[in-house]
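Coordinates in review
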Amino acid sequence: MVEAVIFDLDGSMVDSMWIWRAIDIEYLGKFGIELPENLQACIEGMSFSETAAYFKERFALPDDLETIKADWNRMAWDKYAHEVPVKEGVRELLAYCQEHGIKAGIATSNSRQLVENVVQAHQMEACFGCIMTACEVEKGKPAPDIYLAVAKELSVAPENCLVFEDIIPGIQAGKAAGMQVCAVYDKYSEYQDTEKRRLADYYTYGFRELIDEGVLA
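Bear in mind the structure is a predicted one, so any value in this text is a computation, not a measurement.

A word on the overall build of the protein chain
A count of helices and strands for the protein chain gives 10 helices and 6 strands. Scaling as 2.2 N^0.38, a compact globule of 217 residues should have a C-alpha radius of gyration of about 17 Å, and the protein chain matches this with 17 Å. Each principal axis of the C-alpha atoms in the protein chain carries an extent, and together these give about 55 × 35 × 30 Å. Counting the 217 residues in the protein chain, one finds 53% classified as buried. Of the contacts formed within the protein chain by residues at least 6 apart in sequence, a portion of 65% connects residues at least 24 apart. Total accessible area on the protein chain stands at roughly 9,800 Å², and carbon and sulfur atoms take up 50% of it.

Below, the structure is given as structure tokens:
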């Protein structure tokens, strides 16, 4: 029985994965560094703080971690507010959850500032009983820490939670937490679809079919 749904943010709840490559190119370009082709694979699943530490060490950046994160927040905020849409079917699924007493939370590797700004920009504050970032737990995805923490905050047992994730480390985190996981289609991770389907309990292109098929019942 599903008593709570927990959304990853980027690529699962909002269509935002595309902007980070552009931000990385612009940000590293300030230091005369070209974007390595394998960068996204290297940082997949890391928290915002873990990613900043990785950038500082790998690229020998002169700025401290707080400056790096502040720069990223500044560069991303306008795009998140005006160019990043909520994924198809998310609003309908959240409305269904509210009508049927199913709690909702967000578990993201992004920064708190950005996730709260996104939720406010789309007027979805009332939909979520908990918003948590990987910076607030000991280990980022694929460790289960963030999903277990959100479930605890929502007062729902892990086995009664359904997680929405678009990348393999996130799916692994949800499964490691003992939760059901629905893999979400995203163009950015399309090449991983076979493995995503193998690891997850469900797969969705647009959320509405989950309501029609009774997955949340």
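Quick notes on empty space enclosed by the protein
For the structure shown, the criterion picks out 1 cavity of 30 Å³ or more. In this structure, the largest cavity occupies an estimated 420 Å³ of space. Around the largest cavity sit 22 residues that line it, and Asp10, Met17, Ile43, Met46 and Ser109 are the ones nearest its centre. The set of elements that each furnish at least two residues to the lining of the largest cavity consists of helix 1 (17-29), helix 2 (39-43) and helix 3 (48-59). Across the lining of the largest cavity, the residue classes break down as 9 nonpolar, 6 polar and 7 charged.

Examining the packing of helix 1 against helix 4 (residues 65-82)
Close contact between helix 1 and helix 4 brings their axes to 11 Å; oriented N to C, the two are set at 135°. As summarised for this structure, helix 1 and helix 4 are arranged oblique, according to the angle between their axes. Considering only the axes of helix 1 and helix 4, their crossing is right-handed. Along the contact surface, helix 1 presents Ile19, Trp20, Ile23, Glu26 and Tyr27, while helix 4 presents Ile68, Asp71, Trp72, Met75, Ala76, Lys79 and Tyr80. Considering only residue class, the contact of helix 1 with helix 4 consists of 9 nonpolar, no polar and 3 charged.

Some details on the side chain of Ser111
When you line up the elements, Ser111 lands in the loop between strand 2 (103-108) and helix 6 (112-121). Under the relative-accessibility criterion, Ser111 is labelled buried at 7%. Side chain to side chain, Ser111 and Asn73 meet in a polar contact 2.7 Å long. What Ser111 contacts, discounting residues up to four positions off in sequence, is Phe48, Asn73 and Thr133.

A look at the nonpolar core
Core analysis: the biggest nonpolar cluster contains 49 residues, and Val5, Phe7, Phe128 and Phe164 have the highest contact counts within it. Sequence-distant contacts of Val5, that is, excluding residues within four places in its chain, are made with Leu93, Cys97, Ile102, Lys103, Ala104, Gly105, Leu162, Phe164 and Leu216. Formed by 23 residues, the second largest nonpolar core is a distinct cluster that contains Met132, Val163, Ala173 and Tyr203.

Remarks on the pairing of strand 5 (residues 180-184)
Burial of strand 5 is extensive: 4 of the 5 residues sit out of reach of the surface. Note on the crossover from strand 4 (residues 161-165) through helix 8 (residues 168-176) to strand 5: the handedness is right-handed. Where strand 5 lies against strand 6 (residues 202-204), 3 bridges are found, and the strand directions are parallel. Its bridge partner being in strand 6, Ala183 is matched across the sheet by Tyr203. For the crossover that starts at strand 5, traverses helix 9 (residues 193-199) and ends in the parallel strand 6, the hand is right-handed.

Quick notes on the rules
Residues numbered from 1 in each chain as written. Predicted model: local features only at pLDDT ≥ 70, side-chain atom pairs only at ≥ 80, totals over all residues. Heavy atoms only, no water. Helix = DSSP H or I, 4+ residues; strand = E, 2+ residues; numbered from the N terminus. Rg over C-alpha atoms; globule rule 2.2 N^0.38 Å. Buried < 20%, exposed > 50% of the residue type's maximum accessible area, 1.4 Å probe, protein only. Contact = heavy atoms within 4.5 Å. Areas by Shrake-Rupley, 256 points an atom, 1.4 Å probe, with all protein chains shown as cover. 1 Å grid on protein atoms, 1.4 Å probe; cavity = no way out; pocket = protein on both sides within 12 Å on 5 of 7 lines; lining within 4 Å. Points joined across faces, edges and corners; volume = space filled by probe spheres on them. Nonpolar A, V, L, I, M, F, W, Y, C, P; charged D, E, K, R; others polar. Axes fitted to C-alpha atoms, helices over the stretch in contact; angles between N-to-C directions. Parallel < 35°, antiparallel > 145°, perpendicular 65-115°, else oblique. Left-handed = near helix turned anticlockwise from the far one by under 90°. Polar contact = N/O pair within 3.5 Å; in protein donor to acceptor, adjacent residues only side chain to side chain. Core = buried A, V, L, I, M, F, W, Y, C linked by side-chain atoms within 4.5 Å. Right-handed = clockwise from strand over helix to strand, strands pointing away. Pairing = 2+ DSSP bridges.

Keep in mind these values describe shape, not function.
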